[in-house]
Amino acid sequence: MSAKVTAQHLIAIVDTIAVHIHNNADMLNALDLALGDGDHGTGISTAFSSAAADINQLSEPDVMTILKTTASTLMNRMGGASGALYGTFFLKAAMTTRDRAALSKSDCDELLQAGLQGVKQRGKSDVGDKTMIDALSPAVDAFVATETLAAGWEQAALAAMHGAEDTKDMVAKHGRAKFTGERSVGHMDAGARSIA
Amino acid sequence: MSAKVTAQHLIAIVDTIAVHIHNNADMLNALDLALGDGDHGTGISTAFSSAAADINQLSEPDVMTILKTTASTLMNRMGGASGALYGTFFLKAAMTTRDRAALSKSDCDELLQAGLQGVKQRGKSDVGDKTMIDALSPAVDAFVATETLAAGWEQAALAAMHGAEDTKDMVAKHGRAKFTGERSVGHMDAGARSIA
Amino acid sequence: MSARKQKLINQPENILSDMLSGFVAAYHDIVQLTDNRLIVRRNPKAEGKVGLVIGNGSGHEPAMIGLIGEGLFDVNIAGEIFTAPGPERIVEGIKAADRGAGVLVCVSHHAGDLMNAEMALELCEMEGIDNVEMVVLYDDISSAPKGSESERRGTAGLFFVWKMLGAFAEQSDDLNACKAIAEKIRDNTRTLAMALTSCTNPITGELMFELPDDEMEIGTGVHGEVGFGRQKVASADETIDLMLPRIIEDLPFQSGDDVLVMLNNSGSMTLMELFILYNRVAQILADNSINVYKSWIGPYATTQEMAGFALSLCRVDDELKALWDAPANGAYLKL
Amino acid sequence: MSARKQKLINQPENILSDMLSGFVAAYHDIVQLTDNRLIVRRNPKAEGKVGLVIGNGSGHEPAMIGLIGEGLFDVNIAGEIFTAPGPERIVEGIKAADRGAGVLVCVSHHAGDLMNAEMALELCEMEGIDNVEMVVLYDDISSAPKGSESERRGTAGLFFVWKMLGAFAEQSDDLNACKAIAEKIRDNTRTLAMALTSCTNPITGELMFELPDDEMEIGTGVHGEVGFGRQKVASADETIDLMLPRIIEDLPFQSGDDVLVMLNNSGSMTLMELFILYNRVAQILADNSINVYKSWIGPYATTQEMAGFALSLCRVDDELKALWDAPANGAYLKL
Ligand SMILES: Nc1ncnc2c1ncn2[C@@H]1O[C@H](COP(=O)(O)OP(=O)(O)O)[C@@H](O)[C@H]1O
Ligand SMILES: Nc1ncnc2c1ncn2[C@@H]1O[C@H](COP(=O)(O)OP(=O)(O)O)[C@@H](O)[C@H]1O
Ligand SMILES: [Mg+2]
Ligand SMILES: [Mg+2]
Ligand SMILES: [Mg+2]
Ligand SMILES: [Mg+2]
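So, here's what we can say about the structure. (Residues numbered from 1 in each chain as written. Chains lettered and ligands numbered in written order. Predicted model: local features only at pLDDT ≥ 70, side-chain atom pairs only at ≥ 80, totals over all residues. Heavy atoms only, no water.)

**Describing the overall build of chain A**
Stage number 1. Looking only at helices and strands, one finds 8 helices and 2 strands in chain A.
Stage number 2. Start at the N end of chain A and walk to the C end: the helices and strands fall as β-α-α-α-α-β-α-α-α-α.
Stage number 3. Sorting the 196 residues of chain A into buried and exposed places 56% on the buried side.
Stage number 4. Here chain A displays about 8300 Å² of accessible surface, and carbon together with sulfur accounts for 55% of that area. (Helix = DSSP H or I, 4+ residues; strand = E, 2+ residues; numbered from the N terminus. Buried < 20%, exposed > 50% of the residue type's maximum accessible area, 1.4 Å probe, protein only. Areas by Shrake-Rupley, 256 points an atom, 1.4 Å probe, with all protein chains shown as cover.)

**Structural notes on the interface of chain D and chain C**
Stage number 1. Facing the 57 residues of chain D at the interface are 57 residues of chain C.
Stage number 2. Interface of chain D and chain C: buried area, both sides summed, is about 4600 Å²; carbon and sulfur atoms make up 66% of it.
Stage number 3. Considering only the surface of chain D that becomes buried against chain C, D:Leu8, D:Met272 and D:Phe275 emerge as the three largest contributors, covering 18% of it.
Stage number 4. Between the two partners, chain D and chain C, sit 3 salt bridges.
Stage number 5. Here chain D and chain C share 20 residue pairs in polar contact (both at pLDDT 80 or more) between them.
Stage number 6. The set of elements that each furnish at least two residues to the side of chain D that touches chain C consists of α1 (15-26), α6 (236-250), α7 (271-287) and β12 (291-298) of chain D.
Stage number 7. Looking at the side of chain D that touches chain C element by element, the count peaks at 9 residues for α7(D). (Contact = heavy atoms within 4.5 Å. Buried area = accessible area lost by both parts, 1.4 Å probe. Salt bridge = Lys/Arg side-chain N within 4 Å of Asp/Glu carboxyl O. Polar contact = N/O pair within 3.5 Å; in protein donor to acceptor, adjacent residues only side chain to side chain.)

**Some thoughts on the interface of chain B and chain C**
Stage number 1. At the junction of the two partners, chain B supplies 19 residues and chain C supplies 21 residues.
Stage number 2. At the junction of chain B with chain C, the criterion picks out 3 salt bridges.
Stage number 3. In this structure, C:Glu122 and B:Arg122 form a salt bridge, with 2.7 Å as the shortest nitrogen-oxygen distance.
Stage number 4. For the pair chain B and chain C, the number of links is 6 residue pairs in polar contact (both at pLDDT 80 or more).
Stage number 5. Put simply, the parts of the chain that give the side of chain B that touches chain C at least two residues each are α3 (63-78), α4 (80-95) and α5 (105-123) of chain B.
Stage number 6. Among the residues making up the side of chain B that touches chain C, the classes are represented as 7 nonpolar, 8 polar and 4 charged. (Nonpolar A, V, L, I, M, F, W, Y, C, P; charged D, E, K, R; others polar.)

**Things to note about the packing of aromatic side chains**
Stage number 1. Under the counting rule described, the total for this entry stands at 30 aromatic pairs over all chains.
Stage number 2. Note on D:Phe159 and D:Trp296: the rings are 4.6 Å apart at their centroids and 40° apart in plane angle, and the pair reads as tilted. In this pair, D:Phe159 is assigned in helix α4 (residues 159-171) and D:Trp296 in strand β12, connecting sequence segments 137 residues apart. Comparing D:Phe159 with D:Trp296 shows no difference in burial state: the two are buried.
Stage number 3. Ring centres 4.9 Å apart and planes at 50° place the aromatic pair D:Phe159 and D:Tyr300 in the tilted group. In this pair, D:Phe159 sits in helix α4 while D:Tyr300 sits in the loop between β12 and β13 (308-315), placing the two residues 141 residues apart along the sequence. Pair check on accessibility: D:Phe159 and D:Tyr300 agree, each one buried.
Stage number 4. Taken together through their ring pairs, the aromatic side chains of C:Phe159, C:Phe160, C:Trp296, C:Tyr300 and C:Trp324 make up a single cluster. (Phe/Tyr/Trp six-rings, centres within 6.5 Å; stacked < 30°, edge-to-face > 60°.)

**A short note on the arrangement of the chains**
Stage number 1. Most contacts, compared over the 3 pairs of chains touching, are made between chains C and D.
Stage number 2. One thing to see here is that chain A and chain B don't touch, and their nearest C-alpha atoms sit 37 Å from each other.

**Description of the relation of the copies chain D and chain C**
Two copies of the chain are present, and they differ by a rotation about an axis and a shift along that axis.
Stage number 1. If you rotate chain D by 180° and push it 0.0 Å along the axis, it lands on chain C with an RMSD of 0.0 Å. The transformation just described matches what one would write down for a two-fold rotation axis.
Stage number 2. Both copies contact each other with a shared surface, as 98% of the interface residues of chain D are interface residues in chain C too. (Least-squares fit on C-alpha atoms with pLDDT ≥ 70 in both.)

**Quick word on the sheet that holds strand β14 (residues 329-330) of chain D**
All names here are of chain D.
Stage number 1. Strand order in this open sheet of 3 strands is β4-β14-β15, and the pairing throughout is antiparallel. At either margin of the open sheet sits one strand with a lone partner, and together these are β4 (69-70) and β15 (333-334).
Stage number 2. Examined bridge by bridge, β14 and β15 share 2 bridges and lie antiparallel to one another. Bridge pairing in β15 places asparagine 329 opposite lysine 334. (Pairing = 2+ DSSP bridges.)

**A word on the pairing of β12(D)**
Residue and element names in this part refer to chain D.
Stage number 1. Across 7 bridges, strand β11 (residues 258-265) lies against β12 in parallel orientation. Along β12, the bridge assignment pairs valine 261 with serine 295.
Stage number 2. The handedness of the β11 to β12 crossover, carried by α7, is right-handed. (Right-handed = clockwise from strand over helix to strand, strands pointing away.)

**With respect to the side chain of C:Asn116**
Stage number 1. You can see C:Asn116 is positioned in helix α3 (residues 111-127).
Stage number 2. A polar side-chain atom of C:Asn116 sits 2.8 Å from the main-chain carbonyl oxygen of B:Gly80.
Stage number 3. Residue contacts for C:Asn116: discarding those within four places in its chain leaves B:Met75, B:Gly79, B:Gly80, B:Ala84, C:Ala84, C:Pro85, C:Gly86, C:Pro87 and C:Ile90.

**Let's talk about the pattern of salt bridges**
Stage number 1. In the structure shown here, the tally under the stated rule is 59 salt bridges over all chains.
Stage number 2. The salt bridge involving B:Lys105 is made with B:Asp109; its shortest N-O contact spans 2.8 Å. Placement of the pair is B:Lys105 and B:Asp109 together in helix α5, with a separation of 4 residues, close to one helical turn.
Stage number 3. For C:Asp74, the salt bridge identified is with C:Arg41, shortest N-O distance 3.3 Å. One end of the pair, C:Asp74, is in the loop between β4 (69-70) and β5 (75-81); the other, C:Arg41, is in strand β2 (residues 38-41), with 33 residues separating them in the sequence.

**So, the state of the cysteines**
Working definition: the covalent bond between the sulfur atoms of two cysteines is a disulfide.
Stage number 1. Under the defined criterion, the tally for this structure stands at 0 disulfides over all chains.
Stage number 2. Cysteine D:Cys124 is unpaired, with the sulfur of D:Cys106 as its nearest cysteine sulfur at 14 Å. (Disulfide = S-S within 2.5 Å.)

**Remarks on the environment of C:Gln283**
Stage number 1. One can find C:Gln283 in helix α7 (residues 271-287).
Stage number 2. Between the C-alpha atom of C:Gln283 and that of C:Tyr27, which follows or precedes it by 256 residues, the distance is 38 Å.

**Some remarks on the nonpolar core**
Stage number 1. Counting residues in each nonpolar core, the largest one holds 107 residues, and the members touching the most others are C:Trp162 and D:Phe309.
Stage number 2. For this core, the element with the most residues is α7(D), which contributes 11 residues. (Core = buried A, V, L, I, M, F, W, Y, C linked by side-chain atoms within 4.5 Å.)

**Some remarks on helix α8 (residues 318-325) of chain C**
Residues and elements named next belong to chain C.
Stage number 1. Listed as buried for α8 are Leu320, Lys321, Leu323 and Trp324. Taken down its axis, α8 places every buried residue within 165° of arc, on the same side.
Stage number 2. For α8, the elements touching its buried residues are α4 (159-171), α5 (175-187), β11 (258-265), β12 (291-298) and β13 (308-315).
Stage number 3. The backbone nitrogen of glutamate 319 lies 3.1 Å from a side-chain oxygen of the residue at the head of α8, namely aspartate 317. (Arc of directions from axis to C-beta.)

**Description of the packing of helix α3 (residues 63-78) of chain A against helix α2 (residues 87-97) of chain D**
When two helices pack together, their arrangement is captured by the angle between the axes and the distance separating the axes.
Stage number 1. Taken N-terminus to C-terminus, the directions of α3(A) and α2(D) make an angle of 75°; their axes are 7 Å apart at the nearest point. The pairing of α3(A) with α2(D) is recorded here as roughly perpendicular in orientation. Residues A:Ser72, A:Met75 and A:Asn76 of α3(A) lie in contact with α2(D), whose contacting residues are D:Pro87, D:Glu88 and D:Arg89.
Stage number 2. A breakdown of the residues in the contact of α3(A) with α2(D) according to their chemical character gives 2 nonpolar, 2 polar and 2 charged. (Axes fitted to C-alpha atoms, helices over the stretch in contact; angles between N-to-C directions. Parallel < 35°, antiparallel > 145°, perpendicular 65-115°, else oblique.)

**Side note on the environment of D:Gly79**
Residues and elements named next belong to chain D.
Stage number 1. Here glycine 79 is to be found in strand β5 (residues 75-81).
Stage number 2. Sequence spacing of glycine 79 and alanine 193 is 114 residues, and the spatial spacing of their C-alpha atoms is 24 Å.
Stage number 3. With residues up to four places along the chain from it excluded, the contact list for glycine 79 reads Leu16, Asn56, Gly57, Ser58, Pro85 and Arg89.

**A look at the pairing of strand β9 (residues 215-218) of chain C**
Residue and element names in this part refer to chain C.
Stage number 1. Alignment of strand β8 (residues 189-195) against β9, held across 2 bridges, turns out to be antiparallel. Paired with methionine 194 across the strands is isoleucine 218, a residue of β9.
Stage number 2. Across 4 bridges, the pairing between β9 and strand β10 (residues 229-232) is antiparallel. Counterpart to glutamate 217 in the pairing with β10 is arginine 230.

The values are spatial; any link to function lies outside them.
Set out below in structure tokens:
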């Protein structure tokens, strides 16, 4: 287990997210269909697949370029609210990595916190508003609370799952319109988890 | 049983038709609904009711005025194909009664034949075309074939019923679009029958 | 049966009067409602020009009330739902449209419309109103075979007559020339329609016809009359591939022809679908070197909320192109 | 559930491209499709005038592709069905609309539309494209209480902004004045919508929401978002009596006000019903001495084939009346 996240690691991470979400796309759509517009899974899935494809095209990319490329592909291929939010997360994360060849645990802490901050600002929302933030925020906190990268991903994924589960209940109480997104967010982070 | 049809008789006849058709309006609509536009019964019913009302307004009308008034009310209140046809029947019939105070059996023969002729011309159709003519034509023939008015109405009504029944079968073979009209025609003549 | 069960109306017997009142209230700058319930132009055409009249059953809105106005028709006699108006009202319409150069009574070919118009003309004769002509219009290739064109139904393709005859009559003092133009447009127009769902009669709330959810019917009329082809619902391209070649062959439309194209929304098709359908229409016409002069996509002659469309082509020469491009100001047709 | 199960499309993933190709094929005299799939005016507005851009999810046709043209908008960025386009495409749209006097980006208030527009403006800043402003538009009184107007959804009433802002920008070289007019129209507009049936998502073929045949819902959004009032289907007059007073109270519209009125067809309402509904609207406004300057009845912002309508009022002064009457030439809005 490497002590730092290199460009190669990052590409592998995005690839894994893409694969995982692709495998869950139909299920996400099905959830969205509960009463959403049913294209949520398809949207995220195609967007992450293109992101993975795009960054694998890059010749000898640095960490920042990988994150920026991921951000722009996500926001432009996904569209909608989720496209803007996922894109913002990676964009703000990228901004913290200028001139870094690889990312230490503390670099990753900073990166994740910046991404979370960005999503909160973009969405003008915070924990408890029943959005993806209720999954993302505990995940970032859990990551930061750990010592090693490996432990960080583990704890983040767990916290995200719990956060998503919580919103699920919250949301179930608050009508189905927002339900779709929350569950998909849960899966999104579940995707991130499989990386560790 | 009077040997002649007077103005009073004529008014009574139209009244009876109106009542009879009114009582069958829902059933005619229901039949029309089989696949028609479902307003056939309502159309005929309201039109005949207005016709009865209009001729009862007339002060000391002669036979011709009664028939003309009936014709114009029918064609203008009913509209559609049936309005034109029923209206034409009474209009052409009226034309044969100029200056007549009452109608003898032979006057009635002439009147009914003229009405039938008018319908055939208006519709550019004849027996076997699966229209109201298939009910009307045998009815007129049967009437003419009898000696007395009473017998005439009896035979006419019977023949009309048979004619309508026949078209019913014919039509059943030729799709339901025309079905509505034929059955309603059968009832129209059934209405006439109750007069004898 | 995915047809809508409920409609937003008041008393069924008041549908016609409520509708006409609301229509003229909204468009009083274009039309007015006379005491005898005729829809007439707010600004009558010039004296000495030919008047245009049409009567029809209601339920097809915007046809024909929405096509009364400058460069279009002068008077519409709206009958009850799907029932042609009687002869006396048609005579009133003829009188209202008379500007001293005669009146052309247009008839969409259906038994009721035709017979009542014929009786109206007989009444005019009795009353000594001469200089009235009638023209019977038809376009639906599914309702009678080639060679029996005059037995065909009048459907959505009559739109081309209304628009271009309207432009012609706005300028014309020659009744026979107006009739001739109407016939010229009619004889260059061909239409084929299809339905994806049925619809309900607003008076009774009952289905107008039966059509399973997974089937479509080709060749339907504007009252949901049965067509010739019932089959499983196909894709947009497949549907156009089934319909357009029949239309092209019927006239026939030939390489080098200039045409107007209409995709009429029968009721509840989405514009999204109509644009997707039109995309295929444009491809096929291009493949056949048939040039689209102008096209029109939207609701004109509807069958209540029926999901379906009519595809109509009209071959045009320079005279008709000019008439198509002439200004029109109806509540539901502006050029 | 009386919602249509089948749509005439080809591959679901090609809906947007098939639709846009068909649309521009039919209306190439008014619009063109750029390589990066923007819908732009065939005849750009004069140099030195303010450009107008809007991005939106598709599925609402004719909005907004049908409102690109002279006296209307310059560029539309059509996203996938019900999905706002991403920021880069919006930036491309801004560049395409720039005639040297700056560009106003209009946003119909929905989370996705707003966030992507904000990001687009940030990208413009990074790229050093200044002279770009954004205005967020909303009108739906059912989506947030009085006093929280800025939290309300953008729905069919934005039609009034599109038309009158379009007329203003056609003549204006002042970006801030354009933004001010947009806000003025927005702040004088109030809308309430209802649905009689659901509709299907064209990509999945699934219902957008559930609504029993014998019930209607008041307060729905343009994606079938839930409203506040579900009840048995009422008559046309009762429905207007439920909706119009809420709209009048919200602004409030007062005796002596001049207003524009819109009855927007959400999809498969018949014009017959809309005229019957309008008849009651006109009565109530007259009873309240509110003067209807002009009205518009028809499909503009649709929710696929949903049966329902939006009722919208806009209070106008002489400046806005002149802008309403100014010429417009979009494929689906001509004045
Ligand atoms: N203002 C916001 N702040 C944070 N998250 C948001 C906000 N608005 C939406 N979201 C998230 O985005 C999800 C919706 O994504 P998606 O359905 O793909 O976009 P759209 O709503 O445009 O279709 C919601 O489930 C929610 O988690
Ligand atoms: N050309 C015709 N000749 C004779 N009878 C006809 C003709 N056309 C229609 N009919 C008769 O009229 C009936 C239809 O009447 P109706 O449904 O009330 O008028 P519409 O068809 O206008 O709704 C048919 O059943 C048929 O009997
Ligand atoms: Mg969504
Ligand atoms: Mg009938
Ligand atoms: Mg009828
Ligand atoms: Mg979406």
